[in-house]
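One-letter residues, chain by chain:
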Amino acid sequence: MHLVAVGRSSRNPNAPCNAAHPAGSPGQYTVSFVLSRPGFPLEPEYKYSFAGLVKGDSHLAITKPAFTNPQGDFDQIRIDGVSPDGHFQFTGFPNEKGFLGKIESDAFHADGFNDAEQKGYRALVPSLSYWSAELDIPLNVCQVESTEGATGNKQTSLLPAYPAVPWSVMPTAQLEHEFLGCASIYREALNTNSRPYRYLCLYKIIEGIRERRSRLAAEARRLRQQPRRFQQEDVPEKREDFASWLNAIFSVRPAWDDMALEEIFVAVAVGRSFGHIVENFLRPLRDKIADALSQPSGELTMSADELLHMREVNRWLPLTKVHGAADDEK
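Residues numbered from 1 in each chain as written. Predicted model: local features only at pLDDT ≥ 70, side-chain atom pairs only at ≥ 80, totals over all residues. Heavy atoms only, no water.

Q: An account of the overall build of the protein chain is needed here, citing residue identities and associated values.
A: Within the protein chain, the regular secondary structure consists of eight helices and eight strands. Summed over all atoms, the accessible surface of the protein chain reaches about 19300 Å², with 52% contributed by carbon and sulfur. Separation between the mean location of the 36 positive side-chain charges and that of the 42 negative ones in the protein chain comes to 5 Å. (Helix = DSSP H or I, 4+ residues; strand = E, 2+ residues; numbered from the N terminus. Areas by Shrake-Rupley, 256 points an atom, 1.4 Å probe, with all protein chains shown as cover. Lys, Arg positive; Asp, Glu negative; His and termini not counted. Charge placed at Lys NZ, Arg CZ, Asp CG, Glu CD.)

Q: Account for the pairing of strand β5 (residues 100-105), naming residues and giving values.
A: Side chains on a regular strand alternate between the two faces of the sheet. Here β5 lies mainly inside the structure; five of its six residues are buried. Pairing geometry for strand β2 (residues 27-36) and β5, over three bridges, is antiparallel. Paired with Val 34 across the bridge in β5 is Lys 102. With five bridges connecting them, strand β4 (residues 86-94) and β5 associate as antiparallel partners. Looking at the pairing, Thr 91 lines up with Glu 104 of β5. (Buried < 20%, exposed > 50% of the residue type's maximum accessible area, 1.4 Å probe, protein only. Pairing = 2+ DSSP bridges.)

Q: Outline helix α3 (residues 195-222), listing residues and values.
A: Helix length check: α3, at 28 residues, gives a terminal C-alpha distance of 41 Å against a target of 40 Å (1.5 Å per residue), a fit within 8%. Residues of α3 that are buried: Pro 196, Arg 198, Tyr 199, Cys 201, Leu 202, Tyr 203, Ile 205, Ile 206, Ile 209, Arg 213, Ala 217 and Ala 220. At the N-terminal boundary of α3, the capping side chain belongs to Ser 194, with an oxygen 3.3 Å from the backbone nitrogen of Tyr 197. One or two residues past the end of α3 sits Arg 224, with phi positive at roughly 60°. (Expected span 1.5 Å × (residues − 1). Polar contact = N/O pair within 3.5 Å; in protein donor to acceptor, adjacent residues only side chain to side chain.)

Q: Lay out helix α2 (residues 177-191) in plain terms, naming residues and giving numbers.
A: The end-to-end C-alpha separation of α2 is 21 Å, in line with the 21 Å expected for 15 residues at 1.5 Å each. Along α2, the positions that sit buried rather than exposed are Cys 182, Tyr 186 and Ala 189. End-on view of α2: buried residues confined to an arc of 55°, all on one side of the axis. Along α2, the residues that are exposed and aim more than 90 degrees away from the buried face are His 177, Arg 187 and Asn 191. (Arc of directions from axis to C-beta.)

Q: I'd love a proper account of the pattern of salt bridges, names of residues and values included.
A: In total, this model carries 17 salt bridges according to the counting rule given. Measuring nitrogen to oxygen at the nearest pair gives 3.2 Å for the salt bridge that ties Lys 97 to Asp 57. Highlighted residues: Lys 97 in the loop between β4 and β5 and Asp 57 in the loop between β2 and β3 (77-83), separated in sequence by 40 residues. Linked through salt bridges whose partners overlap, the residues forming this network are Glu 178, Arg 212, Arg 215 and Glu 219. (Salt bridge = Lys/Arg side-chain N within 4 Å of Asp/Glu carboxyl O.)

Q: Lay out unusual backbone geometry with the relevant residues and their values.
A: Along the chain, Lys 64 connects to Pro 65 via a cis peptide bond; the corresponding omega equals 0°. By the secondary structure assignment, Pro 65 is in the loop between β2 and β3. We note that Asp 136 has phi near 60°; this positive angle belongs to a residue other than glycine. Structurally, Asp 136 is set in the loop between α1 (113-135) and β7 (140-148). A positive phi angle, near 60°, is found at Arg 224, a position not held by glycine.

Q: Explain the packing of α2 against α3 to me, and be specific about the residues and the numbers.
A: In contact at an axis separation of 8 Å, α2 and α3 are set at 165° when each is read in the N-to-C sense. Here α2 is positioned roughly antiparallel relative to α3, judged by the angle of their axes. Pair α2 / α3 crosses with left-handed handedness. When α2 is examined against α3, the residues Glu 178, Cys 182, Ile 185, Tyr 186, Glu 188, Ala 189 and Leu 190 are found in contact with a partner set consisting of Tyr 197, Arg 198, Cys 201, Leu 202, Lys 204, Ile 205, Ile 209, Arg 212 and Arg 215. (Axes fitted to C-alpha atoms, helices over the stretch in contact; angles between N-to-C directions. Parallel < 35°, antiparallel > 145°, perpendicular 65-115°, else oblique. Left-handed = near helix turned anticlockwise from the far one by under 90°. Contact = heavy atoms within 4.5 Å.)

Q: Give a detailed account of a nonpolar patch on the surface, specifying residues and quantitative values.
A: Residues Leu 175, Phe 179 and Leu 180 make up a contiguous nonpolar surface patch of about 260 Å² in total accessible area. Looking at where Leu 175 falls in the secondary structure, it is placed in the loop between β8 (154-158) and α2. What makes Leu 175 exposed here is its relative accessible area of 52%. (Patch = residues over 30% accessible without salt bridge, like charges linked within 9 Å, V, L, I, M, F, W, Y side chains within 5 Å.)

Q: I'd like a description of the packing of aromatic side chains, backed by residues and values.
A: A full pass over the atoms with the stated rule returns ten aromatic pairs. Ring centres of Tyr 29 and Phe 113 lie 5.6 Å apart, and the angle between their planes is 80°; this geometry places the pair in the edge-to-face category. Residue Tyr 29 is found in strand β2, and its partner Phe 113 is found in helix α1; the two are separated by 84 residues along the sequence. The class for Phe 113 is buried, based on a relative accessible area of 0%. Measuring from centroid to centroid gives 4.9 Å for Phe 88 and Phe 108, while their planes differ by 80°, and the two rings are edge-to-face. (Phe/Tyr/Trp six-rings, centres within 6.5 Å; stacked < 30°, edge-to-face > 60°.)

What follows is the structure, given as structure tokens:
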């Protein structure tokens, strides 16, 4: 989920922020990374804040009272990162307990908010991976926030909580073996904090249902019957149809705001069939992730962010979940 704060000046109509684009413009940016201990949320559920209002937390002690450095009394750490985008510098800040809670970059050039987030993360993640492996601790980035230098506008990226829903299920549902196989994998996908693993779980449902449909169609043809055709197989083209299409799949979802709709309905998928989306976007991404994790590919020379194609996963995960849920019901 992305939250964008765009400032406006009524006193100065010519202020740069008044003409700013919500996606940001080429210029100087800083990026903040908020850390958290896995399984321990920083704020109450359904409360979202920009990075400046969040302290962050981790298992890495850097200052007092958690850690006393024998080389001196320090109140922050400095990190140098090098990536294909250039050389970057970061400052790590402790929370009140002395554990690393937030990492902020020095200013660097980017084309917009998303580009700044990508460049900053790619430069920082090798250090996080090194510390995690060396010290045997998780280092989880729970929130990334980009700030445009010229305007002060911000974009913060975080993982939203699931909505609370009423207990509204069929009391006499017949739980067939095939359905339970899909439902158990779907629950596994929702329970995990790993986005690549969630994607693989959801794609496994899509893959299994497609194989099942092929088998049932072949059996129908052998019996000289018409194979069954399914609804909800095309992503709607008109925005006014988005919510009703989703409600046919997620029957107890309270509401769909504009932010959720933007996340789900990827521009290149709108108006397309799920068959086209699977073959041209979802399957190639699944193959990339699976190859990275399971194929004998020799030495590992890429970071997890590049190896697991995290930006592609984040882009396609919401629509993949919708497809998995739609298939799961059938």
